[in-house]
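Listed below, chain by chain, are the residues.
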Amino acid sequence: MSALPHDNIRSLSVKHEKPSKLKFQYGTAGFRTLGETLDSVLFRVGILAALRSKKLDGKTIGVMVTASHNPEPDNGVKLVDPRGEMLESSWEGHATLLANAQTTDALLVALDEFVKLTKIDLSKPSRVVFARDTRPSGPKLVESLVDGLEALGAEYRDAGVTTTPVLHYLVRAINTKGTKEAYGEDTEHGYLTKLSDAFKKLIGGKAAPSPLLIDCANGVGAPIAVKLCEYLGDSIPIKLTNTAIDTKGALNNSCGADFVKTSQKLPPSLVSVLQPGQRACSLDGDADRLIYYYLDDRSQFHMLDGDKITALVASFIVDLVKAAGLDEQIKVGVVQTAYANGSSTKYLSERLPVKCVPTGVKHLHHAAEHYHVGVYFEANGHGTVLFSQTAQDQITTHKPSTPAQSTALNHLTNLINLINQTVGDALSDMLLVEVVLAHKSYSGVEWDSLYSDLPNRLVKVVVGDRNAFTTADAERRLVSPPGLQGKIDELVRRYDGGRSFVRPSGTEDVVRVYAEAVIKSQADELAFRVAGLVFDEAGGDPTQRPK
Ligand code: G16
């Protein structure tokens, strides 16, 4: 094929016309908005995925249909590159451009220009694997996606209803099949086997863990967690809750990782279920985020978020690397965002190199690749650990000189298999946390006491145009609107231990405000005062002013 099949694209594109007036944007996690408006976007993403595969010589590209932690009526779509990582950022702008071509004619012109600009050889094959979460709008959107794939004659595989991390795993497994970097069998069974086998080896010989309660956010994590429990057998007692994937309106509703992290409290459905001292965790709607928590003896809620997971996991890996006799060769580093609690950054920086990057797993992932072992978690519980090829080679070839070194090397090898290195994976991360807790004989209390979080508050501000807010210095400072950062600085100075920043969301049409201070009431006050500044600057409706 030396030119795009215009007739084919045209005949299918007319079934998927772009709604006039709507503007779409490929943001932090792909396109994300009300599911009922996304038909044309999915069709065009199908075409784009096929072209991405052609550009990469027929490698398999992933497409995930999900809106993750967002409310049930939302939906979204993101592309996954061949190694299971997020779409290369230079293609995000192209995706936005194609999604906004108003007519089929305009789309064809934009596609021709795009193929020319990016020098895509249209004679190459194209292969795509896709999946969706449990949202009611999913099946229809997948049909639109398939039309886009068929418009370009792509080969495709439907991975069905599964989690975002499983889809990322499949992409990597398909593309590495039969190579020395083979990632595992390219099926859900392969994924579950890989994780559960590694877990059983790591937990072997340790005291049986106490029961863990998992809040599945009434999302796609539920059916996959049910299957995972079968593979885990009696290696860990797990009780699943919020598994109602067929109940309308239940998804992410007063449950799930985002609810817990943002409201800093138990999902109401767990209040009469969770016992003091018992560990629990929440997944989000597509099971790529994880937040732990427990109630103390006085039934006080304690949250163990992405920062606490970083502290726990990074120190465990550092200790293993040392015990294996590889501490000269393998350096462990951490990546965070501005949302990381100030106490966590202090705790980690005293022990390891720490880098701060803008929000979005893609930024953290790329930064983590610069370490031998890179541990990254956003405070919202989205993250993983990357072992570079150099580190993996050191671990497999190092000759242990003592039994202790040999054990540590085995543990590191099993960790590499346990951790889904393609992207944040709530279920894999949950198993990782359980391994560390078992090895350290920690309950939630000991884990929590690694450092004390500074009180903090996150506030959303609805503004007319979130793109009027631009940032620098890993989102820690506002560049525009001009003058606003100065006013924020002035406010922050009045609060003991005060810190605050403002950034436009990449997944919702809002501006986010984060604040922390030594005292909870002060963190709340600072957040609302900064939110007020943002609101006034954006000229919002006075009745909607954040209070
Ligand atoms: C997505 C991204 C995360 C990001 C989150 C919130 O998460 O993958 O990296 O932290 O959105 O982003 P924002 O503040 O820009 O809206 P998920 O779990 O929704 O895919």
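Cut-offs used in this document
Residues numbered from 1 in each chain as written. Predicted model: local features only at pLDDT ≥ 70, side-chain atom pairs only at ≥ 80, totals over all residues. Near = placed C-beta within 6 Å. Nonpolar A, V, L, I, M, F, W, Y, C, P; charged D, E, K, R; others polar. Core = buried A, V, L, I, M, F, W, Y, C linked by C-beta atoms within 7 Å. Buried ≥ 20, exposed ≤ 12 C-beta atoms within 10 Å, placed from the backbone. Contact = placed C-beta atoms within 7 Å. Helix = DSSP H or I, 4+ residues; strand = E, 2+ residues; numbered from the N terminus. pLDDT = per-residue confidence, 0-100. Pairing = 2+ DSSP bridges.

For the chain, the name recorded in an unreviewed UniProt entry is Phosphoacetylglucosamine mutase, with Leucogyrophana mollusca as its organism.

**Student:** Can you walk me through the site of the ligand in this structure?
**Tutor:** Taken together, 18 residues lie near the ligand, and Ala 29, Ser 68, Ser 505, Gly 506 and Thr 507 sit nearest. Within the shell around the ligand, the residues separate by chemical class into two nonpolar, ten polar and six charged.

**Student:** Just checking my understanding: could you explain the nonpolar core for this structure?
**Tutor:** Looking at soluble globular proteins, one finds that nonpolar side chains tend to be buried together. Grouped together as the largest cluster of nonpolar side chains are 137 residues, with contacts concentrated most on Val 63, Val 128, Phe 130, Ile 317, Val 373 and Leu 418. Those residues within four positions of Ile 317 in sequence are excluded, and the remaining contacts are Val 332, Val 373, Val 375 and Val 385. One finds Leu 478, Val 511, Ala 527 and Phe 535 within the second-largest nonpolar core, a separate group that totals 25 residues.

**Student:** I keep staring at the environment of Phe 377 and nothing clicks. Help me out?
**Tutor:** Along the chain, Phe 377 falls in strand 13 (residues 373-377). When the C-alpha positions of Phe 377 and Val 161 are compared, they lie 25 Å apart, and in sequence the two are 216 residues distant. If we ignore the near neighbours within four places in the chain, the residues touching Phe 377 are Gly 306, Asp 307, Ile 309, Thr 310, His 382 and Gly 383.

**Student:** Would you mind showing me how to read the confidence of the model for the chain here?
**Tutor:** Note that predicted coordinates carrying low pLDDT should not be read in detail. Averaged over all residues, the pLDDT of the chain is 96; the fraction at 70 or higher stands at 99%. For this predicted complex, the interface score ipTM comes out at 0.95, alongside a pTM of 0.96.

**Student:** How do you make sense of the pairing of strand 11 (residues 332-336) when you look at a structure like this?
**Tutor:** Side-chain positions along a regular strand alternate between the two faces of the sheet. Burial analysis of strand 11 places five of its five residues in the buried class, the great majority of the element. Judged by which residues are buried, strand 11 turns out to be covered on both faces: Val 332, Val 334 and Gln 336 on one side and Gly 333 and Val 335 on the other are all buried. Judged from the four bridges that link them, strand 11 and strand 13 form a sheet pairing that is parallel. Each residue of the ladder has a partner; that of Gly 333, found in strand 13, is Gly 374. Where strand 11 and strand 12 (residues 354-356) come together, three bridges link them in parallel fashion.

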